[in-house]
Each structure stands twice: as C-alpha cells, then as structure tokens.
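# Structure at a glance
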Amino acid sequence: MTSNHQNTETPLIDPACYAAATAAIRTEAVRLLVAGEVAAVVGYRAGRRTGSVMPDVATTVEAAGQLLFSPACQNNLALFLSKAKREVLPHGRVAIVVKGCDLRALAGLIGESQLRRDEVHVIGVACPGVFGANADLSKPLSAEGLARKCRACKVHLPEGVDLVAGTLPPLPDLPDLEAEEIARLEAMTPQERWAFWTEQFSRCIRCLACRQICPFCFCTQCLCDRNRPQAVDTSPRPAGNTAWHMVRAMHLAGRCSGCAECERVCPMDIPLNLLNRKMAQELYELYGFEASMQPQEQTPLTSYRDNDDQSFIK
Amino acid sequence: MHAEKQHHAFEPKLVAFVCTWCTYAGADLAGTSRMHYPSNVRVVKFPCTGRIDPVFILRAFQKGADGVLVSGCHPGDCHYMAGNFHARRRFAAFRQLLDFVGVDLDRLQFSWVSAAEGGKWVEVVTELTERIRQMGPMREFRELDAEEHWSAQLDEPEIRAAYNAIP
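Criteria and thresholds
- Numbering of residues starts from 1 in every chain and runs along the sequence as written.
- To label them, take the chains in the order written and letter them from A, then take the ligands in the order written and number them from 1.
- Under the rules for a predicted model, residues below a pLDDT of 70 receive no local features and side-chain atom pairs below 80 are neither given nor counted, while totals for whole chains, interfaces and linings still include all residues.
- Runs of H or I in DSSP of at least four residues are treated as helices and runs of E of at least two as strands, each being numbered from the N terminus.
- Radius of gyration here is computed from C-alpha atoms only, and the compact-globule reference equals 2.2 Å multiplied by the residue count raised to the power 0.38.
- Partly exposed residues are those falling between the two cut-offs: more than 12 but fewer than 20 other C-beta atoms within 10 Å of their own, whereas 20 or more means buried and 12 or fewer means exposed, with C-beta atoms placed from the backbone.
- Note on contacts: residues are paired as contacts if their backbone-placed C-beta atoms lie within 7 Å.
- Two strands are counted as paired when DSSP detects at least two bridges linking them.
- Only the contacting stretch of a helix is used when fitting its axis, a line to C-alpha atoms as for every element, and angles between N-to-C directions run 0 to 180 degrees.
- Along the chain, pLDDT gives the predictor's confidence residue by residue, from 0 to 100.
- Only buried residues count toward a nonpolar core: Ala, Val, Leu, Ile, Met, Phe, Trp, Tyr and Cys, linked into one set through C-beta atoms within 7 Å.
- A domain assignment, automatic or from a database, supplies the domain bounds used here.
- Oblique is the label for any angle not covered by the other classes, which are roughly parallel (under 35 degrees), roughly antiparallel (over 145) and roughly perpendicular (65 to 115).
- Polar here means any residue outside two lists: the nonpolar Ala, Val, Leu, Ile, Met, Phe, Trp, Tyr, Cys and Pro, and the charged Asp, Glu, Lys and Arg; Gly therefore counts as polar.
- By convention a crossover is right-handed if, when the strands point away from the viewer, the path from the first strand over the helix to the second runs clockwise.

Further remarks concern the overall build of chain A. Assigned secondary structure in chain A consists of 10 helices and 6 strands. By the compact-globule yardstick of 20 Å for 314 residues, chain A fits well, its C-alpha radius of gyration being 20 Å. By residue count, 43% of the 314 residues in chain A fall in the buried class. For chain A, contacts bridging at least 24 residues in sequence account for 73% of all contacts bridging at least 6.

Structure below.
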C-alpha cells in the first residue's frame, strides 16, 4: 500500500526492514568468518556521528557482529573491489554487502575483468532506499532526505547474489525528480542548457572526489591528470571543468551503475548524476543497453553492430 | 575580445580529424585533381577514426575552432577492420552529451569519405565552411577559456572593503 501523505510520526519506510537486513548480514558475516570461507567481510558499521555509518572491512567475528544496514548506508562498497583499490582488503576471498545499485557496479567490474565472480561472496541487501546528499542522518528517513536515485530504483531486490539480506517493505510512490529535471533540461534551448551547465561547472573545485568515489574510475593514470600531451586543463577554471565533466561522462557511458555517489560526494552540489543518467538513457534508446545486476558480455561502447545508427553521418 | 578585430570579415576556423587510409587520401585526391575548396580547414591525420577521442573535439573547440569535422572510412572499409564501427557508436553517444550540455551540434560534422571520393571531401568541407560562416564564431568555449573565474568571487564587498582599507 502506498502513501502520498506523510506526517512527521510515520517513517517513510518501515525501519524494521533495516533491522532485519542488519540481523541477516551479521549472521552471514559471522558464519563466513568462522567457517574460514572469506578473509574479510566488506560492509558498513556505525560511524562516529549519530546516525552515520562508515565502510568497514571486518576480519574478526567481533567486527562482523557490528556490521549493519541502515538508510545511512550510502557508500558503494564495490569501489574496493577493482584491481586498483583492492590493496585495502586482505588477500583471499572476501564477502561484500551490496545494495542493488552497488551490485550493478560489482557486475560491471566483473564484466571488465577487475575481479572474478568466484572471488567474492555477495550479500545482497533488499534495500528500500537510503539517504541522499546533504541529508540529516540523525533524523528518520523522509521524502526530502531520500536519495533522488532511490525514487527511480528498479533494483530494490538483488539478483544472482549468494544471500539476500532482509525483505522489502511497502515502498513509497514518489515522483522521479531526476527524470523530471532531465526532461526540463531537454526542453530548454541549447543556449539555456549551456548557461545552466556552465553555472554548475563554474563551482567545480576539481577536488576529483567524484572520480575517487567512482568504482569505474580505476585507471592508474587518468587521462585528465597531468600528462604530456595535456588533454584537459587541470586548474579549476571553467574551460577545464567543463571538459573534465564531459570526459568523465563519456568514460562512464555504458559502464556507470547509477549509484550517484559522485553527486553525493560533490562538495559543490553539482548534479553529476543528471549527466550519467542522460547518457544511460541515450544508450538505452540507441542500443537497448541497460546496466544490469549480472555481468554482461558486451557493453555498448566496446561492441558494435553492422546496422548501428549513422543518421548523423554524411 | 578587442573591438578593433571586428573590422575583418569572419573567417571560420575548421579542424578536420580524418583517418589516414580513406579521408586523408580522398582529400589528397581532391588536391591532386586541383579541385578548389575553402582553405579554412586544418586537417589532423589519425590512423583511424577509432583513435579519435572525444576529448580532441572538446580541445579543438576550446582552442579556437569554430567547427569540427570528423571523417573516416565507410563502414566495412576500415583499414583496421572495425575502428570506424567503434567510432560510430562513440560519436553517436558523444553528440548526445554535447547537445545535453548545450553545444550547437551544427558545428560538429561527421562523414564517411573514401580514398576515391575527392569530390565528396570538397562538398563536405565547403558545406561545413559556409554553414559555420553563417553561424559565426564559436563563442561558448572561447568565453570559457578566457574567463578567469575562481571558486571564490574576487569582487565580494568584504574583499573590496579590505582592499580599499589598505593605506
């Protein structure tokens, strides 16, 4: 049953489902470590501030008993499984706690040979939603606090995992704000869109948090760093900022899992997920491609068909 | 820019990213056949359109190009078998990104020109040159490049007041 009116007493999503997922994760994590099936369980544990969580690599039974799942579990833990980031984990098989969006990233990494499916024990969480950027984690989850990406989520229930932790409660029916924003931008003239994006990119300070948090940005030498020849200006000026975000959107096209972590970690509140979601829409329209919870044989920009659209080519 | 420079009629600057084996040879054929066409185009030779990274197109616009042409072998004729197939997909996606960010797609032209199509090269370049001449200079990227815009506004009242307070 869905509810459009929410008073301050009724939580947006039944908190019991998060508690159930926590219990399931703890049981499984302890079991795996005791049995020696994995060297570590990558999950979330309570952070220092009220309501916050932080990623944890649990290697002991005690630590495994502290793992949890709550609306504050925003991080995409698949980040730690690419070859470049793998050194933070102990050697050997690991278990990982993933939401549906994180699972798409994990599947993408497996598809790109960053790890093998048999190297990881996947604990998928039946996730009803998490907090968005700048949300107050100490308050209960509300429609305002819910991440925009969660409104459009189609992967609440993970598939192809070794264990599903928790069950889904009734989900709220909220308008897809990101899709609305993209439609609003598409309806503008090119000049208006340019003005919008240059204003957004002018705030960019090139902290590259978006790149650091992205599971797919694992190149040991980024094209947009200092290189010879220099492809993109590295200083936080409008020209380089625009190029940086466009290059990153292109490099993620067909790979991005839609976890929207880039947008969440951006200190200047640039709506980065709009770019990635737009590219995902275009690739779906052009080539029928969608990010999936299962590793895929082909991604759209590393494969081709003889009859691909070439209406724009003379 | 400076007011004095407006005296001259606008001559578009076009950059053409072409593949060695087809379009470059086609352009060469146009030359040896003594076909005339506007000299606004600067040709950059690549082994294959598959090597052309979208960042090169961005860089061309940023460094002053008013229009960009990307041209290669017809599908099925690629010297490296499949380079142009990958390029076709890559540029289909990149066009959409450019459009979404607000770049006028009329400034970016893609074509397949084979080694025998000297005439088509002339036609494509002439058409693009005239179209860009009508559209005028590419202001958007050049304005970005010229802008010394830091994250902190340097013209805030507090900074002004502090500046004026310096004895």
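Having seen it, we continue.
All right, on to the environment of A:Glu37 then. Residues and elements named next belong to chain A. Looking at the secondary structure, you find Glu37 in the loop between helix H1 (16-34) and strand E1 (40-46). On a C-alpha basis, the gap between Glu37 and Met188 in space is 55 Å, while along the polypeptide they are 151 residues apart. What Glu37 contacts, discounting residues up to four positions off in sequence, is Leu32, Arg93 and His121.

This paragraph deals with the pairing of strand E4 (residues 94-98) of chain A. Residue and element names in this part refer to chain A. Counted residue by residue, E4 has 5 buried out of 5 residues, so it is predominantly covered. By the alternation rule, side chains of E4 split into Val94, Ile96 and Val98 and Ala95 and Val97, which are all buried. Where E1 lies against E4, 3 bridges are found, and the strand directions are parallel. Residue pairing for E4: Val42 is matched across the bridge by Ile96. In terms of strand pairing, E4 meets strand E5 (residues 120-125) through 5 bridges, oriented parallel.

All names here are of chain B. The parallel open sheet is built from 4 strands, whose spatial order is E2-E1-E3-E4. For this open sheet the edge positions go to strand E2 (41-46) and strand E4 (108-112), each flanked by a neighbour on one side alone. Strand after strand, the sheet turns through a mean of 20° between neighbouring axes, direction not considered. Relative to E4, strand E3 (residues 67-72) runs parallel, the two being bridged by 5 bridges. Directly across from Ser71, in E4, lies its bridge partner Ser111. Across the sheet, helix H1 (residues 20-32) is in contact with strand E1 (14-19), E2 and E3; its angle to E1 comes to roughly 130°. Sitting on the sheet, helix H4 (residues 118-135) touches E1, E2, E3 and E4, and the angle it makes with E3 is about 165°.

Our focus in this paragraph is the confidence of the model for chain B. With 91% of its residues at a pLDDT of at least 70, chain B reaches an overall mean of 91. With pTM at 0.91, the complex prediction returns an ipTM value of 0.92.

Core analysis: the largest hydrophobic core is formed by 134 residues, its most contacted members being A:Val41, A:Ile96, A:Val97, A:Leu106 and B:Leu97. Here this core gets 9 residues from one element, more than from any other, and that element is helix H3 (residues 83-101) of chain B. Here this core spans two domains, and each of domain 1 (16-165) and domain 2 (177-302) of chain A adds at least three residues to it. When sequence neighbours within four positions are dropped, the list of residues in contact with A:Ile96 reads A:Val42, A:Leu77, A:Leu81, A:Val120, A:Val122 and A:Ile123.

Turning our attention to the packing of helix H8 (residues 238-252) of chain A against helix H5 (residues 139-146) of chain B. Axis separation between H8(A) and H5(B) bottoms out at 6 Å; the angle between their running directions is 120°. Relative to H5(B), the element H8(A) lies oblique. Here A:Pro238, A:Ala239 and A:Thr242 of H8(A) come into contact with H5(B), specifically with B:Phe141, B:Leu144 and B:Asp145. Here the contact of H8(A) with H5(B) is composed, by residue class, of 4 nonpolar, 1 polar and 1 charged.

So, on to the pairing of E5(A). All names here are of chain A. Taking burial as the measure, the 6 residues of E5 include 5 buried ones, the bulk of the element. For the handedness criterion, the β-α-β arrangement of E4, helix H3 (residues 100-111) and E5 is classed as right-handed. Looking at chain direction, E5 and strand E6 (residues 163-165) are connected through 3 bridges and run parallel. By the bridge assignment, Val125 is partnered in E6 with Ala165.

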